[in-house]
Each structure stands twice: as structure tokens, then as C-alpha cells.
Amino acid sequence: MSELTEKAGKLDAVDELAAKRAEFVLDGPEGAVYLDGNSLGALPVGVPGRVADVVGRQWGEMRIRSWTEEGWWTAPERIGDRIAPLVGAAAGQIVVGDSTSVNVFKALVGAVRLARETGAGRDEILVDATTFPTDGYIAGSAARMTGCTLRPVTPSEVPDALGERTAAVLLNHVDYRTGRLHDLPSLTAAVHAAGAYAVWDLCHSAGALPVGLDAHGVDLAVGCTYKYLNGGPGSPAYLYVRADLQDRFDSPLPGWNSHAEPFGMRSEYEPAEGAVRGRVGTPDILSMLALEAALEVWDGVTVEAVRAKSLALTDFFLECVGEYVPEGRVECLTPVPHAERGSQVALRCAGAGPVMRRLIERGVVGDFRHPDVLRFGFTPLYVGFADVERAARALAEELSEATAQQSHRV
Ligand SMILES: Cc1ncc(COP(=O)(O)O)c(C=O)c1O
Ligand SMILES: Nc1ccccc1C(=O)C[C@H](N)C(=O)O
């Protein structure tokens, strides 16, 4: 047994979250090392039974009565309240529904409208230049619709780019490619000092590390639920609107579900109070109730414990990669300081696409991001230290073989 295998065993033995792994389905043809929870979280064991009940009994037998008797109608705000503590929000500020892309649109246009109430000259939106593409596309459209210019800047350039013209700033808490964690408290404070509104995309941080939305005075936030919250493919996203902004939040998608009296069927729109104002149309109940069941794995778990394990996992992965992988074959894009690291490790590597394909064939599942990045996501609820060691060893073997083949060809 190598030193690192032994170390993995010791770390697993004292892991206080180790028992959570049994609450997920992790078998199947791909093997047990699943490091792609930053794209699609694994299936919690309680979900299939709940979905069967929702379909078979609630829909199949109770039909229309389930909107009231099974709480379907109020699911978006009820599940929002279940997510709230995971992102540091008090109840009543999060509503679940639609995709992240749609919520980015609601939040960003809403933010520009808030900024315009006090400063008509505010006609610029700043957007993270390194963002996951959908946020940039939506921000471009939001800018055109609101008569703003869109200015892409890196998060570190934001403080200098802010000014009297800034209406809203759309940032990612953790960068999807590099895994870099941005400084949400200080960037939010800088946006506020300029009189603008901050919209945060939490896709890669919610469920992986403390976010502190209320504590840091974030204005609006969005996130998906299919990564670290394990809600399933295409599970609905969420929108956070800070309590004291809700009265002034003017949604660009004011559907009947956000009406003060949806069943009044009135022709005039009157927005509901509270988080409900962020709703649009009929909620996607099947996905939403699967998500609700998935969130039960968080019972008795603190985000702080998850963060501590996440950092221990990524530290250990970096240590194993440093030990096993031939010098110079990979370049780590993820920052080493804990304060700047999310819950993934991104390694730049020649031939990253084929390398990841072969790793997956070996049963180590990460993903590849264009043009040359290997991404490994670490979900502390179901990834263990032995997985980490095995993944790094498989990567090293893969890269050594590739190197050997290359020199053979030469
Ligand atoms: C930062 C970020 N925003 C948005 C999305 C996607 O949004 P949607 O759920 O609308 O596809 C992703 C990943 O899918 C993401 O990583
Ligand atoms: N929603 C998806 C559907 C299909 C494939 C990937 C995704 C992702 O979520 C990608 C992820 N946002 C990423 O950080 O690359």
C-alpha cells in the first residue's frame, strides 16, 4: 500500500460526512469515482420513491386536488425556504422555478430597474468576462432591452470599472472553468459603494461552501439545483431577492403565478408580496418535488462541515496529483489558497479531451471543458478520500501511458 493510499484510508476513517455516501446511488457501469457533481449531482436514494408517489398517487389518483392538498401550488416558495439556509438566507427570499438562464434574466433586468429608480443616468451593466456563456448571452439581451451597454470585465477588474453609470453587476461566485472562488463580500460592498446592484450566480458554490447572502447584503442571486444540490437533470433553478428589495422588484416576466391574486384572473397585473413575485408560470412539479426529496440529504448537515471536507478533498487531490503525475504534464488552474478555491480542481493538459475520455473508460468520471481543461468536481456528501487517490493515480497512469506512446511514435 502506498503512503497516499494509507493516508486516504485514515482521512476516510475520521470523515464525519462519510455515512452520507450511503444516501446516494453511486453504482452503475461507470464505476464509483464520480467527480462530476459540479455538472450533475448524483441521485439521492430517496428520490425515486418520492417521484413514484408524486406520479402514481398525487397525479394518478388525486389529480387536480394535489395542487392544494399535496402543496403543489406553494412548492416554489416552500422549497426556496429549504434552500435558503444553505446559502445563508432567511426564509421568504428564495423562490424555485425556471432555469438559471431565465432567472439571470429576471434578476438582471430587475436590478437595472431598481438602479434606474434613483439614477436615470445608470446605463451600464458589468458582466464577468469569464462567465459561463449563458449568463453573458442573457446579459447582452438584458442590456439591449434596457438601453444599457454591456461591459465584460474580469471580477478583479470590477472595483475599477464601477462608476456613476453602473446599474448592475452580474458575477459568478465560483468560476465554472477554473474553480476560482471570487470574493463575494468585498465585491458586493464595492458595487454598493458605487450605488449599483449586485447579482450573483451561485451555480458552482451553493451546496459546496458558505455563501452568506444575507450577511453580505447581496441584492439578487440565482443558482441551479442540479449540481451540489443534487436535484436531478434539469431540476428547477432559484431566484433570491433580498427582503427589503422585494417591494420594488419589478420582474420582467410577470406571469400569473406572481400575481397577488392568481385565481382572480384579472386583466390588470398586481404583483404579489415577497419572494412569490419572482414566479412566472405554472411550476414544473415533477422536477420540483424530486428536488424537494433530494434536499432531504441535507438534514443534519452543515454547509461549514461540507466546506471543510471539500477543502480537504481538493487539498488531497492536489497532493496526490503532485506526487503521482509526471512533472510538467498538467498545469493547475485552480487557486491554491483556500479563500480562492471552490469545490473543483481544473487542470490544463495537452490532449485534455482524449485524456478525459480514457479516464472515464477507467471509471473515473470528471469532464472536459474547451479547449484544454480537465475538471474534477468534489461533492463532499458522497466523494471520499480513497476516490480522490484513485482518481489521481488513474490520471497519472493515463498521462504516463500517453507520454510513453508519444515518445514511441517519435
Ligand atoms: C455559472 C452557470 N450559470 C448557468 C448555468 C446553466 O444555466 P441553465 O440551468 O439555464 O442551463 C451553468 C451550468 O449549466 C453554470 O455553470
Ligand atoms: N446543465 C448541463 C446540461 C448538460 C451538460 C452540462 C450541464 C452543466 O451544467 C454544465 C455546467 N454548468 C458547467 O459548469 O460546465
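Please read these numbers as outputs of a predicted model, since none were measured by experiment.

Those places that UniProt annotates as "binding site: pyridoxal 5'-phosphate" (unreviewed entry) correspond, in this numbering, to Thr100, Ser101, Phe132, Pro133, Thr134, Asp135, Asp201, His204, Tyr226, Trp256 and Thr282. With the annotated positions falling across 183 residues, the maximum pairwise C-alpha distance of 30.6 Å shows that they are not confined to a single cluster. From the list above, the second largest pocket is lined by Thr100, Ser101, Phe132, Thr134, Asp135, Asp201, His204 and Tyr226. The topology assignment puts histidine 204 in the loop between strand S8 (197–201) and strand S9 (220–223).

Glancing now at the site of ligand 2. Taken together, Ser39, Phe132, Tyr176, His204, Tyr226, Lys227, Arg369 and Arg375 make up all the residues around ligand 2. Arginine 369 places a polar side-chain atom, nitrogen or oxygen, 2.8 Å from an oxygen atom of ligand 2. The protein chains hide 62% of the 370 Å² of surface that ligand 2 would expose on its own. Here ligand 2 occupies the second largest pocket. Class assignment of the residues belonging to the shell around ligand 2 gives a composition of three nonpolar, two polar and three charged.

To continue, consider the site of ligand 1. Taken together, the residues surrounding ligand 1 are Ser99, Thr100, Ser101, Phe132, Thr134, Asp135, Asn172, Asp201, Cys203, His204, Tyr226 and Lys227. Serine 101 is positioned such that a nitrogen or oxygen atom in its side chain is 2.6 Å from an oxygen atom of ligand 1. Take tyrosine 226: an N or O atom from its side chain is 2.7 Å from an oxygen atom of ligand 1. Protein contacts shield 84% of the accessible area of ligand 1, which totals 390 Å² for the unbound molecule. Counting only elements with at least two residues in the shell around ligand 1, the list comes to helix H5 (100–118) and helix H6 (133–146). Residues that form the shell around ligand 1 fall into these classes: three nonpolar, six polar and three charged.

One pass over the full model with this rule turns up eleven aromatic pairs. On the numbers, 5.3 Å between centres and 55° between planes, the contact of tryptophan 73 with tryptophan 256 is tilted. Of this pair, tryptophan 73 sits in the loop between helix H3 (66–69) and helix H4 (75–83) while tryptophan 256 sits in the loop between strand S10 (238–241) and helix H9 (285–294); the two residues are 183 residues apart in sequence, bridging distant segments of the chain. Under the relative-accessibility criterion, tryptophan 73 is labelled buried at 17%.

About the cut-offs
Residues numbered from 1 in each chain as written. Chains lettered and ligands numbered in written order. Predicted model: local features only at pLDDT ≥ 70, side-chain atom pairs only at ≥ 80, totals over all residues. Heavy atoms only, no water. UniProt positions renumbered as here; feature names shortened; annotations may be inferred. 1 Å grid on protein atoms, 1.4 Å probe; cavity = no way out; pocket = protein on both sides within 12 Å on 5 of 7 lines; lining within 4 Å. Helix = DSSP H or I, 4+ residues; strand = E, 2+ residues; numbered from the N terminus. Near = heavy atom within 4 Å. Polar contact = N/O pair within 3.5 Å; in protein donor to acceptor, adjacent residues only side chain to side chain. Areas by Shrake-Rupley, 256 points an atom, 1.4 Å probe, with all protein chains shown as cover. Sits in = over half its atoms within 2 Å of the grid points. Nonpolar A, V, L, I, M, F, W, Y, C, P; charged D, E, K, R; others polar. Phe/Tyr/Trp six-rings, centres within 6.5 Å; stacked < 30°, edge-to-face > 60°. Buried < 20%, exposed > 50% of the residue type's maximum accessible area, 1.4 Å probe, protein only.

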